[in-house]
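Structural characterization, general
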2 protein chains.
Amino acid sequence: MMNQEEEKKVIEFCSINSINANRELIFKALCHSSFTNELAQNTSRILESNERMEFLGDAVLEFSLATLLYRNFALSEGEMSKIRAMVGSEKVLSKVARELRIGEYIFLGKGERHTGGAERESILADAFEALLAAIYLSNGLETALNFVRERLSHYLNKAVEGALVLDYKTSLQELTQARFGSRPSYTTIREDGPPQDKSFKVEVVVEDRLLGIGEGRTKKAAEQSAARKALEAILEGKMDREDLP
Amino acid sequence: MMNQEEEKKVIEFCSINSINANRELIFKALCHSSFTNELAQNTSRILESNERMEFLGDAVLEFSLATLLYRNFALSEGEMSKIRAMVGSEKVLSKVARELRIGEYIFLGKGERHTGGAERESILADAFEALLAAIYLSNGLETALNFVRERLSHYLNKAVEGALVLDYKTSLQELTQARFGSRPSYTTIREDGPPQDKSFKVEVVVEDRLLGIGEGRTKKAAEQSAARKALEAILEGKMDREDLP
């Protein structure tokens, strides 16, 4: 299925990450739909993209995180759910995907690559999940669980300690600089309450457009909340439409 | 942890269902929070309820269904998600729980038992998930996956064929007869459109109270939709309040 050049990339990817798994499966995990669609349109090569594997890998991840939480921490089911959602978020998974250098090895269509697909959090997080499925299908669940433990324990422990802060402000700035060559600007539009019980409302503007309003008990929290909304708005393509915020 | 009587029930439950697993774990899976809360209030016995196990069991279930779908069917990830949601629904899981006679063996607080807790779909479905966790923790994932296959393949195959209809009308009738000794009545309040594009609006009345309005392209679909809403209303305790429908 792979050509020589593709196989070389896959071998290199496995080697730098000490992954020992079926190469065809790893290749499939790294095939974004933009790549397989492009091949189908321009050549006679029909490949399956990583989308079905992502579905399976998501289940492997959720199970692995649930097991690690259940076995290692005395938390209620509500706390376990919350922590799993944080650690299994696109934000964290895309970080881990970057640590694995997935962006350099993923196969993308030309259009997707030129618009920064190799840096897009959703693409990276999905590929990480597909990679997990490839490891599970090659070597069984125990190996996949160990891979999750190895790669995500750090985030899991931080989340349990309440110290996992997902930095949306940095992500937003990276994205707006890459896409528009400009930085977001934050304005506090309300500040209420006595010193011990303050509340802040912040708006964030990108390219002269109001993209998000966030609230929080600190200015930083309100900014993070506004940044998260702006990120979502941009990633959902709302910058191109008129229905903002 | 268990007393003699409890152990007897647990052994019987395992025996009728050919389940071979750690008895203390099975006991925990069958301990609803209303039971453990009651014990904590009235005695010095402190037991853990099945809530944490339910969290883990849910992950075991989602993983098992994902694996069965991925390995056995050529479906897109969207189709797999949809089918997994149907098969993993409270509706289906409570049916399977009834096949396992969980309602007869679950440990409930007195209040919960008297208000029909042993028949409540959410309690049954949750206990089934906790049971899955008990099997997984006792015998490993392969055994849990086989248990899911054995108990849910039928529903999975039907869902893939598009033949899994969740029958809310029957559930509603069973519930109203058990609780009020009466049956729901359905009235078609609107019928629109040409023969090839009809739309129906149906209302359902239980004990002289309008409990749900449903719409659909067939009368049956509209009735099912109304029945689902009525079921939810009753199970959420809305029959006791004035804010209906």
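Residues numbered from 1 in each chain as written. Chains lettered and ligands numbered in written order. Predicted model: local features only at pLDDT ≥ 70, side-chain atom pairs only at ≥ 80, totals over all residues. Heavy atoms only, no water.

Under the annotation held in an unreviewed UniProt entry, chain A carries the name Ribonuclease 3 and is attributed to Mesotoga infera. Looking at chain A in UniProt, the text filed under Cofactor (unreviewed entry) is "Mg(2+)". For the record of chain A, the UniProt heading Sequence similarities (unreviewed entry) holds the text "Belongs to the ribonuclease III family." (UniProt positions renumbered as here; feature names shortened; annotations may be inferred.)

1. Overview of the relation of the copies chain B and chain A
Superposition of chain B onto chain A requires a rotation of 180° combined with a translation of 0.7 Å along the rotation axis, giving an RMSD of 0.7 Å. Read as a symmetry element, the transformation amounts to a two-fold axis. No C-alpha of chain B approaches the rotation axis more nearly than that of Phe63 of chain B, which lies at 3.2 Å. Of the interface residues in chain B, 100% have counterparts in chain A that sit at the interface too, so the contact is made through matching surfaces. (Least-squares fit on C-alpha atoms with pLDDT ≥ 70 in both. Contact = heavy atoms within 4.5 Å.)

2. Looking at the side chain of Ser225 of chain B
Along the chain, the position of Ser225 of chain B falls in helix H12 (residues 219-235). Ser225 of chain B has contacts with Gly214 and Glu215 of chain B, leaving out every residue within four places of it along the chain. (Helix = DSSP H or I, 4+ residues; strand = E, 2+ residues; numbered from the N terminus.)

3. Structural notes on the environment of Leu141 of chain B
Mapped onto the elements, Leu141 of chain B comes out in helix H10 (residues 141-160). For Leu141 of chain B, a relative accessible area of 13% corresponds to the buried category. Separated by 81 residues in the primary sequence, Leu141 of chain B and Val60 of chain B have C-alpha atoms spaced 7.8 Å apart. The residues touching Leu141 of chain B, leaving out its near neighbours within four places in the chain, are Phe63 and Leu141 of chain A together with Val60, Phe63 and Tyr136 of chain B. (Buried < 20%, exposed > 50% of the residue type's maximum accessible area, 1.4 Å probe, protein only.)

4. Quick notes on the UniProt feature "domain: RNase III" (unreviewed entry) in chain A
Feature annotation in UniProt places "domain: RNase III" (unreviewed entry) on residues 19-140 of chain A, given in this structure's numbering. Annotated as residues 19-140 of chain A, this span is 72% helix and 0% strand, and its ends, taken at the C-alpha atoms, are 13 Å apart.

5. Some remarks on the sheet that holds strand S2 (residues 199-206) of chain A
Residues and elements named next belong to chain A. Spatial ordering of the open sheet is given by S1-S2-S3, a layout of three strands whose pairing is antiparallel. One side of each edge strand has no neighbouring strand; the edge strands of this open sheet are strand S1 (185-192) and strand S3 (209-216). Across the sheet, the mean angle from the axis of one strand to that of its neighbour is 20°, orientation sign disregarded. Relative to S3, S2 runs antiparallel, the two sharing seven bridges. Bridged to Val204 within S3 is Gly212. Packed onto the sheet, helix H12 (residues 219-235) meets S1, S2 and S3 and runs at close to 140° relative to S3. (Pairing = 2+ DSSP bridges. Axes fitted to C-alpha atoms, helices over the stretch in contact; angles between N-to-C directions.)

6. Observations regarding the interface of chain B and chain A
With 26 residues of chain B at the interface, the matching set in chain A holds 26 residues. When the two sides are added together, the surface that chain B and chain A hide from each other amounts to roughly 2,400 Å², 63% of it contributed by carbon and sulfur. Scanning the region where chain B abuts chain A turns up zero salt bridges. Top element by residues in the side of chain B that touches chain A is helix H4 (residues 51-72) of chain B. It accounts for 15 residues. Its residues assigned to classes, the side of chain B that touches chain A comprises 16 nonpolar, two polar and eight charged. (Buried area = accessible area lost by both parts, 1.4 Å probe. Salt bridge = Lys/Arg side-chain N within 4 Å of Asp/Glu carboxyl O. Nonpolar A, V, L, I, M, F, W, Y, C, P; charged D, E, K, R; others polar.)

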